[in-house]
Each structure stands twice: as structure tokens, then as C-alpha cells.
Amino acid sequence: MVAIAVTRSISIDSDELVETATRSGGAGGQHVNTTDSAVVLRFDVAGSPNLPDMVKRRLIELAGSRMTREGVLILRGESSRSQHMNREEVRERLLALIRDATFVQKKRRPTKPTRASQTRRVDAKKGRSTVKAGRGKPRLD
């Protein structure tokens, strides 16, 4: 059981990660039908004792369709021909996703434009209006 550091305060056990190798899709050569180079990583978010509840909730939101109903996060990596590289890539994606879930976005406070900015805006509109009005054909009175 090796602890994988996510942040300074959060780490997950390597036993919580279930990695399986499958065959990659797409074009390949003679070796493609015999090599299991794609890696599927499963991480039980709901059952993880090492993640705080707030991080779990945000992680479930961030994961979207990659999360099952049971609360298991599934990531698939097949960008490389090497199973080792795919395993590293999937683990990095998992850690990045958990790190993103640790950040709490600030609530946006709606603000009103100041009176001075409103008058500047109206004055600018009036100025543009006079410039455009001057572009028309001259009127003969």
C-alpha cells in the first residue's frame, strides 16, 4: 500500500486504484491484436476514505459522464503505444482531476455599473450617433 500524494493534505492509497489493460482501438500493425496497451483506471470516489466529502462532491460534478452511478470514476488512456506510458498518463489525469476538485470557486457578486460609467457610455453613444449621422447624404433645405 503506497500513498500517492495529491496535495499537501490529501493522499490516496495505490490499493484504491484498479488498473486493467485492454486492447487499444484504431489502426495498428501486426502487433496490435496481441498487445494490451490501453489502460482503464477505476477509482471508487464514493468509497474512498482519504477524500474529504466536499472534494468528493466536486469531483463527482467535474467527472460528469466518466462517473458511474455507484460513484466509481473510470478513466481510459490509449494515447501511447506503451502500456507503462498510458498508465502514467491516466494516473496524472486522475490526480489533476482531484486537484481541480480541491479548489473552491469564489461566489460571483453581481455589481451595478457606476453612475459615472453609465453617463460615459451614454455620451459615447451620442458621439457615435452624431459621427454616423454626418456620414449621410447632405440635405438640401
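Conventions and cut-offs
- Along every chain, residues carry numbers that run from 1 in the direction the sequence is written.
- Where local features are concerned, this predicted model is filtered to residues with pLDDT of at least 70; where side-chain atom pairs are given and counted, the filter is 80 or more; whole-chain, interface and lining totals use all residues.
- With hydrogens and water set aside, each side-chain value is computed from the structure's full complement of heavy atoms.
- Runs of E in the DSSP output that reach at least two residues are strands. Runs of H or I that reach at least four are helices, and both are numbered from the N terminus.
- Each radius of gyration reported is based on C-alpha atoms, and the globular scaling rule is 2.2 Å times the count of residues to the power 0.38.
- Residue burial is assigned from relative accessible area. The probe radius is 1.4 Å, only protein chains are included, and a residue is buried under 20% of its type maximum, exposed over 50%, and partly exposed in between.
- In these tables, accessible area is a Shrake-Rupley quantity obtained with a 1.4 Å probe, and a residue counts as shielded only by the protein chains included in the view.
- Counted as positive: Lys and Arg. Counted as negative: Asp and Glu. His and the chain ends are not counted at all.
- Think of each charge as sitting on NZ of Lys, CZ of Arg, CG of Asp or CD of Glu.
- Nonpolar side chains (Val, Leu, Ile, Met, Phe, Trp, Tyr) within 5 Å and like charges within 9 Å form the patches, drawn only from residues with over 30% relative accessible area and no salt bridge.
- Here a salt bridge means any side-chain nitrogen of Lys or Arg lying within 4 Å of a carboxyl oxygen belonging to Asp or Glu.
- Here the rule is simple: two strands pair whenever DSSP picks up at least two bridges between them.
- Every angle, taken between N-to-C directions, lies between 0 and 180 degrees, and every axis is a line fitted to C-alpha atoms, over only the stretch in contact when it is a helix.
- Every residue gets a pLDDT, meaning the predictor's confidence in that residue, from 0 to 100.
- Multiplying 1.5 Å by the helix residue count minus one yields the expected span of that helix.
- Should any heavy atoms of two residues lie within 4.5 Å, those residues are counted as being in contact.
- A 3.5 Å cut-off defines polar contacts: any pair of N or O atoms within that distance qualifies, except that in protein one atom must be a possible hydrogen donor and the other a possible acceptor, and neighbouring residues in sequence count only when both atoms are side-chain atoms.
- Each nonpolar core is a collection of buried residues, namely Ala, Val, Leu, Ile, Met, Phe, Trp, Tyr and Cys, held together in the definition by side-chain atoms within 4.5 Å.

1. Focus: the overall build of the protein chain
Then step 1. Summing up its helical and strand segments, the protein chain has three helices and five strands in all.
Then step 2. Walking the protein chain from its N terminus toward its C terminus, one meets helices and strands in the order β-β-β-β-α-β-α-α.
Then step 3. Relative to the 2.2 N^0.38 estimate, which gives 14 Å for 141 residues, the radius of gyration of the protein chain is 28 Å and therefore markedly larger than a compact globule would have.
Then step 4. Along the first, second and third principal axes, the C-alpha set of the protein chain runs to 90 × 45 × 30 Å.
Then step 5. The burial tally for the protein chain puts 24% of its 141 residues in the buried class.
Then step 6. Of the roughly 10900 Å² of accessible surface on the protein chain, a fraction of 52% belongs to carbon and sulfur atoms.
Then step 7. When the 29 positive and 16 negative side-chain charges of the protein chain are each reduced to one mean point, those points stand 18 Å apart.

2. Topic: a positive patch on the surface
Then step 1. Side chains of Arg 121, Lys 125, Arg 128, Lys 132 and Arg 135 sit close together on the surface and give a patch of like positive charge.
Then step 2. Within the fold, Arg 128 resides in helix α3 (residues 115-133).
Then step 3. Looking at Arg 128, the relative accessible area reads 48%, which means it is partly exposed.

3. Focus: the sheet that holds strand β3 (residues 17-22)
Then step 1. What the three strands build is an open sheet, ordered β3-β4-β5; its pairing is antiparallel. The sheet terminates laterally at β3 and β5 (72-77), the two strands that pair on one side only. Within the sheet, the average angular offset between the axes of one strand and its neighbour, ignoring direction, is 20°.
Then step 2. As paired elements, β3 and strand β4 (residues 38-44) share six bridges and run antiparallel to each other. Bridged to Thr 20 within β4 is Val 40.

4. Brief notes about the confidence of the model for the protein chain
Then step 1. For the protein chain, mean pLDDT is 86; residues scoring 70 or higher make up 94% of the total.
Then step 2. At the low end of the mean pLDDT range in the protein chain sits strand β1 (residues 3-5), at 80; at the high end sits α3, at 96.

5. A few points about helix α2 (residues 83-102)
Note: α-helices contain 3.6 residues per turn, so residues at a spacing of three or four share the same orientation.
Then step 1. With 20 residues, α2 extends 29 Å between its outermost C-alpha atoms, agreeing within 8% with the 28 Å of an ideal straight helix rising 1.5 Å per residue.
Then step 2. Residues of α2 that are buried: Asn 86, Val 90, Leu 94, Leu 95, Leu 97, Ile 98 and Ala 101.
Then step 3. Packed against the buried residues of α2 are β1, β2 (11-13), β3, β4, α1 (53-63) and β5.
Then step 4. Capping the start of α2 is the job of one residue whose side-chain oxygen sits 3.3 Å from the backbone nitrogen of His 84: Ser 82.

6. Observations concerning the pairing of β4
In summary, the side chains of a regular strand alternate between the two faces of the sheet.
Then step 1. Counting buried residues in β4 gives five out of seven residues, a clear majority hidden from the surface.
Then step 2. Of the pairings in the sheet, the one linking β4 to β5 comprises six bridges and is antiparallel in character. Counterpart to Asp 44 in the pairing with β5 is Val 72.

7. Some points on the nonpolar core
Then step 1. Counting residues in each nonpolar core, the largest one holds 21 residues, and the members touching the most others are Ile 12, Phe 43, Leu 51, Leu 73, Leu 94 and Ile 98.
Then step 2. At six residues, the largest contribution of residues to this core is made by α2.
Then step 3. Setting aside residues up to four positions removed in sequence, Phe 43 forms contacts with Ile 12, Glu 16, Leu 17, Ser 48, Leu 51, Gly 71, Val 72, Leu 73, Leu 94 and Ile 98.

8. What to know about the pattern of salt bridges
Should the charged atoms of two oppositely charged side chains come close, the side chains can pair.
Then step 1. Applying the stated criterion to the full structure yields four salt bridges.
Then step 2. When the shortest N-O distance is used, the salt bridge between Glu 19 and Arg 87 registers 2.7 Å. One end of the pair, Glu 19, is in strand β3; the other, Arg 87, is in helix α2, with 68 residues separating them in the sequence.
Then step 3. Given the relative accessible area of 24%, Arg 87 is considered partly exposed.
Then step 4. Notably, a salt bridge pairs Arg 91 with Glu 19, separated by 2.8 Å at the nearest N-O pair. Taken together, the positions of Arg 91 in helix α2 and Glu 19 in strand β3 put the pair 72 residues apart, joining distant regions of the chain.
Then step 5. The partly exposed category is assigned to Arg 91, whose relative accessible area is 25%.

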